[in-house]
Amino acid sequence: EPEVTQTPSHQVTQMGQEVILRCVPISNHLYFYWYRQILGQKVEFLVSFYNNEISEKSEIFDDQFSVERPDGSNFTLKIRSTKLEDSAMYFCASSDSGGGETQYFGPGTRLLVL
Amino acid sequence: DQQVKQNSPSLSVQEGRISILNCDYTNSMFDYFLWYKKYPAEGPTFLISISSIKDKNEDGRFTVFLNKSAKHLSLHIVPSQPGDSAVYFCAAVASNFGNEKLTFGTGTRLTIIP
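Throughout this description, residue numbers start from 1 for each chain and increase along the sequence as written. Following the order in which they are written, the chains are lettered starting with A and the ligands numbered starting with 1. Totals for whole chains, interfaces and linings use all residues, but because this is a predicted model, local features are given only for residues with pLDDT of at least 70 and pairs of side-chain atoms are given and counted only at 80 or more. The basis for the side-chain values is all heavy atoms of the structure; hydrogens and waters are excluded.

Remarks on the overall build of chain A
A run of H or I in DSSP counts as a helix once it spans at least four residues, and a run of E counts as a strand once it spans at least two, with each numbered from the N terminus. A tally of regular secondary structure across chain A gives 0 helices and 11 strands. To get the radius of gyration, use the C-alpha atoms; to get the globule rule, take the number of residues to the power 0.38 and multiply by 2.2 Å. Taking 114 residues into account, the globule formula puts the C-alpha radius of gyration at 13 Å, and chain A, at 13 Å, falls close to it. Along the first, second and third principal axes, the C-alpha atoms of chain A reach 35 × 30 × 30 Å. Each residue is placed in one exposure class: buried if its accessible area under a 1.4 Å probe, protein chains only, is under 20% of its type's maximum, exposed if it is over 50%, and partly exposed if it falls in between. Within the span of chain A, comprising 114 residues, buried residues form 50% of the whole. The contact definition used throughout considers only heavy atoms, calling two residues in contact when any of these lie within 4.5 Å. In chain A, 55% of the contacts between residues at least 6 apart in sequence involve partners at least 24 apart. On chain A, the mean spot of the 9 positive side-chain charges and the mean spot of the 15 negative ones are 6 Å from each other. Within this scheme the basic residues Lys and Arg register as positive and the acidic residues Asp and Glu register as negative, but His and the chain ends are omitted. We put the charge of a Lys on NZ, of an Arg on CZ, of an Asp on CG and of a Glu on CD.

Shown next as structure tokens:
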């Protein structure tokens, strides 16, 4: 069964450093998403991406964040200068159409900023 | 901004009995609802969904009921099995308004007692 994969599974970084989180969405999907879950809190939407551009983003997704689909398979989230409060689980998701279509999630990357 | 609420943080049910998980929402623009199951250190796994044009959707042991007038949905699992022990998230999307983001509830931890 096709699945969303994410690397790395864990990342520890120093405050102010750049991190890139990688995702390989399900191959025939066209819509891609990043969500995060701070420990003990709900899963929060960060950004959605379609046709090589951002289609929607939350207020969390400020100028420190960027997304890219560098090739036909990878989808990345970059945090330019990490802050302590960026520590969270980051989930990538994909769907084969937008709107109400079911989004399928990857296993997540646990990011710890020290 | 609690647009999607799961008021029971935890629920314990005897194996073989029915588990009922509840979810309330406040945003009347939501028109598609999903339930996800999450194990520790894994991403959310899609379980079942329902469009606002329906009031019930069934898939095997899982049934979701939607009461639009009350802005309430519930997930029924019957019979409950030990493998159902996980955190269950309700999520909603306003697909007809061009939105794609899932808005999640805070989750209910379900424990099935053997």
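Brief notes about the interface of chain B and chain A
Taken together, the 23 residues of chain B in the interface contact 20 residues of chain A. Joining two parts hides part of their accessible area as seen by a 1.4 Å probe, and the buried area is that hidden amount summed over both. Across the chain B/chain A interface, buried area totals approximately 1,700 Å², and carbon plus sulfur atoms make up 58% of it. Among the residues chain B hides against chain A, the three largest losses belong to Glu 100, Lys 101 and Phe 104 of chain B. Together they make up 35% of the total. When contributions to the side of chain B that touches chain A are tallied by element, the ones reaching two or more residues are strand S4 (32-38), strand S5 (45-51) and strand S9 (86-93) of chain B. For the side of chain B that touches chain A, the element with the most residues is S4 of chain B, which contributes 4 residues. Residue polarity follows a fixed list, in which Ala, Val, Leu, Ile, Met, Phe, Trp, Tyr, Cys and Pro are nonpolar, Asp, Glu, Lys and Arg are charged, and the others, Gly among them, are polar. Partitioning the side of chain B that touches chain A into residue classes produces 11 nonpolar, 7 polar and 5 charged.

What to know about the state of the cysteines
Two cysteine sulfur atoms make up a disulfide if the distance between them is within 2.5 Å. Following the criterion strictly, the structure yields 2 disulfides over all chains and no others. The disulfide partner of Cys 23 of chain A is Cys 92 of chain A, and the gap between their sulfur atoms is 1.9 Å. The sign of the -65 degrees torsion about the S-S bond sets the Cys 23 of chain A-Cys 92 of chain A disulfide as left-handed. A residue pair is termed long-range when its members are at least 10 positions apart, and Cys 23 of chain A in strand S3 (residues 19-24) and Cys 92 of chain A in strand S9 (residues 88-95) qualify at 69 residues. Taken as a pair, Cys 23 of chain A and Cys 92 of chain A share a single burial class, namely buried. The residue that forms a disulfide with Cys 23 of chain B is Cys 90 of chain B, at a sulfur-sulfur distance of 2.1 Å. Because the torsion about its S-S bond is -70 degrees, the bridge between Cys 23 of chain B and Cys 90 of chain B counts as left-handed. Of this pair, Cys 23 of chain B sits in strand S3 (residues 19-25) while Cys 90 of chain B sits in strand S9; the two residues are 67 residues apart in sequence, bridging distant segments of the chain. Both residues of the pair, Cys 23 of chain B and Cys 90 of chain B, count as buried.

What to know about the environment of Arg 61 of chain B
Residues and elements named next belong to chain B. If you trace the backbone, Arg 61 turns up in the loop between strand S6 (56-59) and strand S7 (62-67). Residues Arg 61 and Val 13 lie 48 residues apart in sequence; the distance between their C-alpha atoms is 15 Å. The residues touching Arg 61, leaving out its near neighbours within four places in the chain, are His 76, Ile 77, Val 78, Pro 79, Ser 80, Gln 81 and Asp 84. Side-chain atoms alone can form a polar contact between residues adjacent in sequence; in general such a contact is a pair of N or O atoms within 3.5 Å, and within protein one must be able to donate a hydrogen while the other accepts it. In terms of polar contacts, Arg 61 uses its side chain to reach the backbone carbonyl oxygen of Pro 79, at 2.7 Å.

Points about the sheet that holds strand S8 (residues 72-77) of chain B
Residue and element names in this part refer to chain B. Strand order in the open sheet made by the 5 strands is S1-S3-S8-S7-S6, with antiparallel pairing throughout. Both outer strands of the open sheet, strand S1 (4-5) and S6, are each paired with one neighbouring strand and no more. What makes two strands pair is DSSP finding at least two bridges between them. Pairing geometry for S7 and S8, over 6 bridges, is antiparallel. Along S8, the bridge assignment pairs Phe 62 with Ile 77.

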